[in-house]
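Secondary and tertiary structure notes
What follows is each chain in one-letter form.
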Amino acid sequence: MGGRDHRAVLLIGLPAVVGTPGDRPFDPPVAIPGAAMLLLVLLEVAAAAVAPWFVWPTGAAVVATALAATSVVLEQPRWRWLLRH
């Protein structure tokens, strides 16, 4: 498995395994505090905003970054909840 494959496993697989109980309709196999889950989400959003600039045409990177920025706004209620749990 190459280096890029490991990053994909971390960004896709890690959130499937870890989570804050009550955050999703099902309990995660590995429970972590809300603040740790928020850090993981922030890492994913940063990767979604930055990575396209290295691999996609400019227009697609602009759209991907705009969507990542939109998720920051829309996720605020969840992030506040995570910080309380």
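From a predicted model like this one, the values you see are computed outputs, not experimental measurements.

Definitions and cut-offs
Residues numbered from 1 in each chain as written. Predicted model: local features only at pLDDT ≥ 70, side-chain atom pairs only at ≥ 80, totals over all residues. Heavy atoms only, no water. Helix = DSSP H or I, 4+ residues; strand = E, 2+ residues; numbered from the N terminus. Expected span 1.5 Å × (residues − 1). Buried < 20%, exposed > 50% of the residue type's maximum accessible area, 1.4 Å probe, protein only. Arc of directions from axis to C-beta. Polar contact = N/O pair within 3.5 Å; in protein donor to acceptor, adjacent residues only side chain to side chain. Contact = heavy atoms within 4.5 Å. Core = buried A, V, L, I, M, F, W, Y, C linked by side-chain atoms within 4.5 Å.

Here helix α4 (residues 58-74) spans 24 Å end to end across 17 residues, near enough to the 24 Å set by a 1.5 Å rise per residue. Those residues of α4 that fall on the buried side of the exposure criterion are Ala61, Ala64 and Ala68. The arc that holds the buried residues of α4, viewed along the axis, is 65°, so those residues lie on one side. Looking at α4, the residues exposed on the side facing more than 90 degrees away from the buried face are Leu67, Val73 and Leu74.

The next point concerns the side chain of Asp23. Along the chain, Asp23 turns up in the loop between β1 (18-19) and β2 (30-31). Side chain to side chain, Asp23 and Arg78 meet in a polar contact 2.6 Å long. In this view, Asp23 contacts Met37, Arg78, Trp81 and Leu82; residues no more than four positions away in its chain are not counted.

Examined against the element boundaries, Glu44 turns out to sit in helix α2 (residues 34-50). Taking C-alpha positions, Glu44 is 9.5 Å from Leu10, a pair spaced 34 residues apart along the chain. Contacts of Glu44, omitting those with residues within four sequence positions, involve Leu11 and Pro15.

Next up on the list: the nonpolar core. Core analysis: the largest hydrophobic core is formed by 11 residues, namely Val18, Ile32, Met37, Leu38, Leu40, Val41, Val45, Ala49, Ala68, Trp79 and Leu82. Put simply, the parts of the chain that give this core at least two residues each are α2 and α5 (76-84). Here this core gets 6 residues from one element, more than from any other, and that element is α2. In this structure Leu82 touches Thr20, Asp23, Gly34, Ala35, Met37 and Leu38, once residues within four positions along its chain are discounted.

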